[in-house]
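# Fold and contact review
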Amino acid sequence: LLDERTEFGASLLALTGSWTTEVGFSWSDLDRTSSRGAEDDEHSRNTRFYVDSRGPIADHQELRLSYDFQRDSTEYQGSRQRFRTTRNELRLDHQWEFGRERRHRLDTFLRYNDERGDLARDEFEFTPRLTLRHGDTFQTVYRYSLYRYDQSVTDWTRHKADVQATWRPSREWRITGDVFALREEIEDDLIIDQYGGSMDATYSRPINAAALGRLGRGEFSINAAVAFDRAEHEGTSQAGRIRGEIHVLDTVRPTYLSKLDVNRLGIVAYNATRTRIFRLGVDYSVLTIGRRTAVFRSMSGWIAENEPVYFDYDYEVPLHATVDTFRGDLSAEYALENGFTPFYRLEVRREHTRNEDRLESHPDETERHRFGLRYDQPTWSAAAEAELYHDSVLPYDAYHFSARAALLRTEAHSLDSALQVSRYLFKADFDRRHVWWVNAELSDRVQLSPECSGILAAIYRYESDSIDGRTNGVDLQGGLTFRRGYLQVELTAEYDLLSLADSRDSGYGVWLNVRRDLSHAISNWRIER
């Protein structure tokens, strides 16, 4: 496969009195072609135009207006699928500071998105937020949001109101409380009323007791949070909707969608800008386990490591039912002056469903314990952690070790390394996999001359699955950067190798980037009103 990427763009920044306006245009094109057959070809194109303007409209008031136009077209490799869409988005942000010493603030956000083409949708969002500072230690926030979503024959409206209070009675304590009420209306067939609240408390203080000696001195901190909400479902339809749920996928541990009884054929996954729709079976995989839906990242797909992925999906709503959800979190650590930090984390979730006949379904319960020890020094650090995940569907135990070290540090040269090793032991009756996961990184940066610098980096990934076999991945990168005055030239080369149990994929790329900064030539250009 040969990737040919072409990108260009331009932007203009204008200062008109106290207002700042930016106008920009960009165009990018990716052609991936194969010498073996047209079925491996892939084409992707993006065109964007935007206007962003901001400035004061009155004393202590600021307004920001922005318009964004994008046109995307993608023809997917290995299939006849394609994604073409055109979107126009208008945003308005207003800020107003008022009261004595301008201690209070009103923020208003308005957004309208019109989208045409494949998976076309219209969105409308309106959110005012009022923040009142009642003193140096107490603050309240009042928020209302209206969100409307229209796609094909689906009309979904959500109203939400919440009140939040933050209190700092002393330097050691911080307490936050929140209550909310929410209503979702899906067409005329389903209404979901949801309400609840949460409480969060943080305590932190240094420990300097003489009896502990020097080795016992440090800072102790603990955070505890509890939340409860109840959802009541009424109507004749069982098709609930979720839009824009965010997850960071893993290749080993399952990532669960938040709702039960998901229609897996209706899942739509996309990136943060919605310029790429990820494909099921190519970029990610889905596994239905009981009533829950687990999602895994495919190593050979387009989803990058640690990339946020957004999900739209439908799920089956229990009609005339009440769903109670409880969540609890506890975190504690003791950062000692000698570099050691023992820590403990607890996450608990309980969900119970009851229908109109007061019959209770099987509860959905998860409980996750993490405890370990970190050791930090100026040039290196290491951590060991045990993870016990008790789940009603797919429980597992895991053990993690990580280390980072600055092997060399001078004014002109730095050499850094990192290592992560994990062992997973799955304990479900239908899944008793044992997995080793290793990630090793080495990067070398050197200043060859006042104008020229270089970088060499290598990443090695290894995964051994007792069922799916072994996976090896190697990423190598080298580059040179030359800077003189306003001119910058970069030459970068990369090589990637991914060896799976049943296939092998490798590739290389070379990039030459030349940049010339022109800001000094127009720095004195100013349009006066």
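Residues numbered from 1 in each chain as written. Predicted model: local features only at pLDDT ≥ 70, side-chain atom pairs only at ≥ 80, totals over all residues. Heavy atoms only, no water.

This paragraph deals with the overall build of the protein. Each helix and strand counted, the protein has one helix and 30 strands in total. Across the 529 residues of the protein, 36% fall into the buried class. Counted over contacts in the protein with a minimum sequence separation of 6, partners at least 24 positions apart contribute 52%. Only carbon and sulfur atoms are counted for the fraction: they give 53% of the accessible area of the protein, which is about 30,500 Å². Across the protein, 70 positive and 88 negative side-chain charges occur, with their mean positions spaced 4 Å apart. (Helix = DSSP H or I, 4+ residues; strand = E, 2+ residues; numbered from the N terminus. Buried < 20%, exposed > 50% of the residue type's maximum accessible area, 1.4 Å probe, protein only. Contact = heavy atoms within 4.5 Å. Areas by Shrake-Rupley, 256 points an atom, 1.4 Å probe, with all protein chains shown as cover. Lys, Arg positive; Asp, Glu negative; His and termini not counted. Charge placed at Lys NZ, Arg CZ, Asp CG, Glu CD.)

Okay, the packing of aromatic side chains next. Counted under the stated rule, the structure contains 16 aromatic pairs. Ring geometry for tryptophan 173 versus tyrosine 203: centroids 4.9 Å apart, planes at 50°, classification tilted. On the criterion of sequence distance, the pair formed by tryptophan 173 in strand β10 (residues 173-186) and tyrosine 203 in strand β11 (residues 190-207) is long-range, its members being 30 residues apart. We classify tryptophan 173 as partly exposed; its relative accessible area is 36%. Considering the side-chain rings of tyrosine 396 and phenylalanine 426, the 5.4 Å spacing of their centres and the 50° angle between planes classify their relative orientation as tilted. Of this pair, tyrosine 396 sits in strand β24 (residues 396-409) while phenylalanine 426 sits in strand β25 (residues 413-426), and the two are 30 residues apart along the sequence. Given a relative accessible area of 2%, phenylalanine 426 falls into the buried group. It is lysine 160 that lies over the ring of phenylalanine 180; its NZ or CZ is 5.3 Å from the centre. (Phe/Tyr/Trp six-rings, centres within 6.5 Å; stacked < 30°, edge-to-face > 60°. Lys NZ or Arg CZ within 6 Å of the ring centre and 35° of its normal.)

Moving on to the confidence of the model for the protein. Per-residue confidence for the protein gives a mean pLDDT of 87; residues scoring 70 or more make up 93%. Ranking the helices and strands of the protein by mean pLDDT puts strand β7 (residues 122-133) first, with 95, and helix α1 (residues 519-522) last, with 60. Scored below 50 in pLDDT, residues 525-529 shows eleven contacts in the model against residues more than four places distant or in partner chains. (pLDDT = per-residue confidence, 0-100.)

Turning next to the pairing of strand β26 (residues 434-447). Bridge count between β25 and β26: 13 bridges; the pairing is antiparallel. Bridge pairing in β26 places aspartate 416 opposite serine 443. The sheet contact formed by β26 and strand β27 (residues 452-465) spans 13 bridges and is antiparallel. Each bridged residue has a counterpart across the sheet, and for valine 435 the counterpart in β27 is aspartate 465. The turn linking β26 back onto β27 is made up of four residues. (Pairing = 2+ DSSP bridges.)

Bringing the sheet that holds strand β19 (residues 308-316) into the picture now. Reading across from one edge, β13-β19-β15-β16 is the order of the four strands in this open sheet, with antiparallel pairing throughout. Strands with a single pairing partner mark the edges of an open sheet, and in this sheet they are β13 (239-248) and β16 (277-278). Two elements, strand β15 (residues 268-270) and β16, share two bridges in a ladder whose sense is antiparallel. In the strand pairing of β16, tyrosine 270 is matched with isoleucine 277.

Within the open sheet, the three strands sit side by side as β14-β18-β17. Their pairing is antiparallel. Two strands bound the open sheet, and with one partner strand each, they are β14 (255-256) and β17 (284-289). Here β17 pairs with strand β18 (residues 292-297) via six bridges, running antiparallel. Within β18, the residue paired with isoleucine 289 across the bridge is arginine 292.

Among the surface-exposed residues, Asp150, Glu187, Asp188 and Asp189 lie close enough to one another that they form a single negatively charged patch. Here glutamate 187 is to be found in the loop between β10 and β11. (Patch = residues over 30% accessible without salt bridge, like charges linked within 9 Å, V, L, I, M, F, W, Y side chains within 5 Å. Salt bridge = Lys/Arg side-chain N within 4 Å of Asp/Glu carboxyl O.)

Here the focus is the pattern of salt bridges. Applying the stated rule across the entire model yields 47 salt bridges. For the salt bridge of glutamate 101 with arginine 103, the shortest nitrogen-to-oxygen distance reads 3.8 Å. For glutamate 101, a relative accessible area of 61% corresponds to the exposed category. In this structure arginine 103 comes out as buried when scored by relative accessible area, which is 16%. As a salt-bridge pair, aspartate 136 and arginine 103 come within 3.8 Å of each other at their nearest N and O atoms. Placement of aspartate 136 in the loop between β7 and β8 (138-151) and of arginine 103 in the loop between β5 (82-98) and β6 (104-117) is noted, with a sequence separation of 33 residues between them. Residues joined in a network through salt bridges with shared partners are Asp72, Arg87, Glu89, Arg91, Arg111, Glu115, Arg121, Glu123, Glu125, Arg274 and Asp312.

Together, Leu448, Leu476, Leu480, Phe482, Leu487, Leu491, Tyr495, Tyr508, Val510, Leu512 and Val514 line one region of the surface with nonpolar side chains, adding up to about 1,100 Å² of accessible area. The set of elements that each furnish at least two residues to the nonpolar patch consists of β28 (469-484), β29 (487-499) and β30 (504-516). Tracing the sequence through the fold places leucine 480 in strand β28. Assessed through its relative accessible area of 44%, leucine 480 is described here as partly exposed.

Counting through the fold element by element, glutamate 387 comes out in strand β23 (residues 380-391). Of the residues examined, glutamate 387 reaches a relative accessible area of 0% and is grouped as buried. Looking at glutamate 387, its side chain comes within polar contact range of the side chain of arginine 368, at 2.8 Å. With sequence-adjacent residues up to four places away left out, glutamate 387 is seen in contact with Arg253, Arg368, His369, Arg370, Tyr396, Asp397, Ala398 and His400. (Polar contact = N/O pair within 3.5 Å; in protein donor to acceptor, adjacent residues only side chain to side chain.)

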